[in-house]
Amino acid sequence: MSRILFASSEAAPLIKTGGLADISGSLPAALKSLRQAVRLIIPAYPEAIRNAGHVKNIGTLKIGGHSVRLLEGRMPDSKVIVWLVDSPAHFSRTGGPYTDNSGHDWADNAERFALFSRVVVEIAMNRARLNWQPEVVHCNDWQTGLVPTLLNMENPRPGTVFSIHNLAYQGVFPYRTFADLGLPAALWSYRSLEYFGNLSFIKGGLVFADRLTTVSPTYAEEICTPTLGYGMDALLRHRRDRLTGILNGVDYDVWDPCADPLIDTPYTVETPAGKQNNKLALQRRFGLPEKTIPLLGMVGRMVEQKGIDLLLDAIPLIDIPVQLVILGSGEKRFEQAALALAKRFPKQIGVYIGYDESLAHLIEAGADVFLMPSRFEPCGLNQLYSLRYGTPPVVHKTGGLADTVTHTDTHTLEAGSATGFVFDFPDIQGLLWAIRQALKCYERSDCWPQVMKNAMQQDFSWSHSARLYLSLYRQAIQDAASI
Ligand code: ADP
Ligand code: GLC
């Protein structure tokens, strides 16, 4: 049994903006069921405190002149112990974890997540009077990048693992911020936090963590190249022997079509007819005609990464009658373009701009085909959910999408491995091609039921990946001990 401190800026169901929250909710739960002593730590946003139910105050820390309370609660489903870092000046505000209500980054994000990271370090060094010290600290994304950095200055110290969920977000701030944060002067070097004259939070994680992971084997390769390395590829190549790609797992207690309280009718691989009711419910929800016509669905952040622009450009060019529903929010230009398309084709296209957990579940269940034309995708969870819901995905061959979806052709159909439709280049032609392939298969009784069945039988539960993390934790603990 290892003592693991899992640090993240969001964790479902307490607070969620994307897949990081799903993972931070489900991986600690999987580790707990492998009998590990795991503690999750996140900032105490008001929504997180509300959703945590009963919390108790377990201590107070002084960090850079701020008095910070530590609250302890339990994750609603898994009962994993969660610690909430309560510094009202930093986290108690209306808006999202990273942005205000109009979508602008909080001006003090560097200060907010530096404070969070410093609290994690104090706990990791057993200086928070909790009488508990982790053997390994698992950090996630740039918000926790200063944790391995500051821990590296301690000896002895716990092992550190840093996971990259998306290298496109790096936490880059001007030199002034470095000075304002009062970080040790020695860290201002191209060998540590300095990145072309700026302060880079993620670089701290990439340089100083004992072990690095990312969320799929293919993305682990891709980030070592200039195309998807976002300026960090040379550093990652240098640390290639420390970098592993471990595929994200799915919490099938939350994403299960036979027991999902958020959908219209439960169904299984043996009773796929129930899916039909969900389709009708979805058509009604979007005010689309309730008829037999292929229904395409998409859920996701409306940013370039997700290829939403490709989709909006491709849709009018599909020469077969279809309906399309889109749920998402993000950049205004994409939101407006999606709404304009729905206005142009009111009988075919439904768009909901916003964040809606239960609608996301209904789309997974009610659509026939799930669309995920991401330009890059570190892992992607929606395609994994769509597989389980018998909604074969159309995906670009990149990152975790390439690792989890098998293209349908005569060979894969025969082999029983076909689960979706995969295109090679992220352009309109590629996407259109894959959508047409899906629609052709949809019409054939010797194709669609088989692909649906294969998809629903895929197992991306945590059982395998959580064990891979465990063996990595052991290595990180050894690395730290041998310094
Ligand atoms: P990313 O983390 O890059 O956004 P993932 O596919 O890993 O992409 O995870 C996205 C998660 O966020 C999924 O659980 C998805 O259902 C959810 N999600 C994204 N956008 C919305 C939305 N508008 N409403 C509800 N859930 C959403
Ligand atoms: C990021 C990635 C997504 C991944 C998620 C969880 O948000 O964009 O691909 O699934 O993190 O690891």
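Heads up: the structure comes first, above all this text.
Here the structure is a predicted model, which means the values were calculated and not measured. (Residues numbered from 1 in each chain as written. Chains lettered and ligands numbered in written order. Predicted model: local features only at pLDDT ≥ 70, side-chain atom pairs only at ≥ 80, totals over all residues. Heavy atoms only, no water.)

Participant: Talk me through the state of the cysteines; I want residue IDs and the actual numbers.
Facilitator: Applying the stated rule across the entire model yields one disulfide. The disulfide that involves Cys-441 links it to Cys-447, with 2.1 Å between the sulfurs. Where Cys-441 bonds to Cys-447 through sulfur, the torsion about that S-S bond is close to -100°, and the disulfide is left-handed. Since its relative accessible area comes to 2%, Cys-447 is described here as buried. (Disulfide = S-S within 2.5 Å. Buried < 20%, exposed > 50% of the residue type's maximum accessible area, 1.4 Å probe, protein only.)

Participant: An account of unusual backbone geometry is needed here, citing residue identities and associated values.
Facilitator: The omega torsion of the bond from Ala-12 to Pro-13 falls at 5°, within 30 degrees of zero and hence cis. Tracing the sequence through the fold places Pro-13 in the loop between strand E1 (3-7) and helix H1 (19-33). Each neighbour pair has its own omega, and for Asn-155 with Pro-156 the value is -5°, a cis peptide bond. Within the secondary structure layout, Pro-156 lies in the loop between helix H5 (146-151) and strand E7 (159-164). Positive phi, normally seen in glycine, also occurs at Arg-35, with a value near 65°. On the secondary structure map, Arg-35 appears in the loop between H1 and strand E2 (37-43). Overall, the relative accessible area of 64% leaves Arg-35 in the exposed class. (Helix = DSSP H or I, 4+ residues; strand = E, 2+ residues; numbered from the N terminus.)

Participant: I'd like to hear about the site of ligand 1, residue by residue, with values.
Facilitator: Taken together, 21 residues surround ligand 1, and among them Gly-19, Asp-22, Arg-301, Lys-306 and Gly-354 come closest. In the model, an oxygen atom of ligand 1 is placed 2.8 Å from a nitrogen or oxygen of the Lys-16 side chain. At 2.8 Å, a side-chain N or O of Arg-301 approaches an oxygen atom of ligand 1. Elements represented by at least two residues in the shell around ligand 1 include exactly H1, strand E14 (323-328), helix H13 (357-366) and helix H14 (382-388). Residue composition of the shell around ligand 1, by class: seven nonpolar, seven polar and seven charged. (Near = heavy atom within 4 Å. Polar contact = N/O pair within 3.5 Å; in protein donor to acceptor, adjacent residues only side chain to side chain. Nonpolar A, V, L, I, M, F, W, Y, C, P; charged D, E, K, R; others polar.)

Participant: Before we move on, could you go through the sheet that holds strand E6 (residues 136-140) and cite the residues and values that matter?
Facilitator: Spatially, the nine strands line up as an open sheet ordered E3-E4-E5-E2-E1-E6-E7-E11-E12, and their pairing is mixed. Only two strands of the sheet have a single partner each, and these edge strands are strand E3 (56-63) and strand E12 (243-245). The sheet shows a mean angle of 25° between the axes of neighbouring strands, direction not considered. As paired elements, E7 and strand E11 (residues 211-214) share four bridges and run parallel to each other. When the bridges of E11 are listed, Phe-162 appears paired with Leu-212. Strands E1, E6, E7, E11 and E12 of the sheet are contacted by helix H19 (residues 462-481), whose axis makes an angle of about 130° with E7. (Pairing = 2+ DSSP bridges. Axes fitted to C-alpha atoms, helices over the stretch in contact; angles between N-to-C directions. Contact = heavy atoms within 4.5 Å.)

Participant: How would you explain helix H17 (residues 428-443) if you had to name every residue and give the values?
Facilitator: Side chains that are three or four residues apart share a direction in an α-helix, a result of its 3.6 residues per turn. For H17, with 16 residues, the first-to-last C-alpha span of 23 Å sits near the 22 Å given by 1.5 Å per residue. Within the span of H17, buried status applies to Gly-430, Leu-431, Leu-432, Ala-434, Ile-435, Ala-438, Leu-439 and Cys-441. Where H17 is buried, its residues touch strand E13 (295-299), helix H11 (308-314), strand E16 (369-372), strand E17 (393-396), strand E18 (421-423) and helix H18 (448-456). (Expected span 1.5 Å × (residues − 1).)

Participant: Break down the site of ligand 2 for me, with residues and values.
Facilitator: Near ligand 2, the surroundings consist of 14 residues, among which His-165, Asn-248, Glu-377, Cys-379 and Gly-380 are the closest. Within the backbone of Cys-379, a nitrogen or oxygen atom sits 3.0 Å from an oxygen atom of ligand 2. Measuring from an oxygen atom of ligand 2, one finds a backbone N or O atom of Gly-380 at 2.8 Å. Expressed as a share of its isolated accessible area of 310 Å², the protein-covered part of ligand 2 is 93%. (Areas by Shrake-Rupley, 256 points an atom, 1.4 Å probe, with all protein chains shown as cover.)

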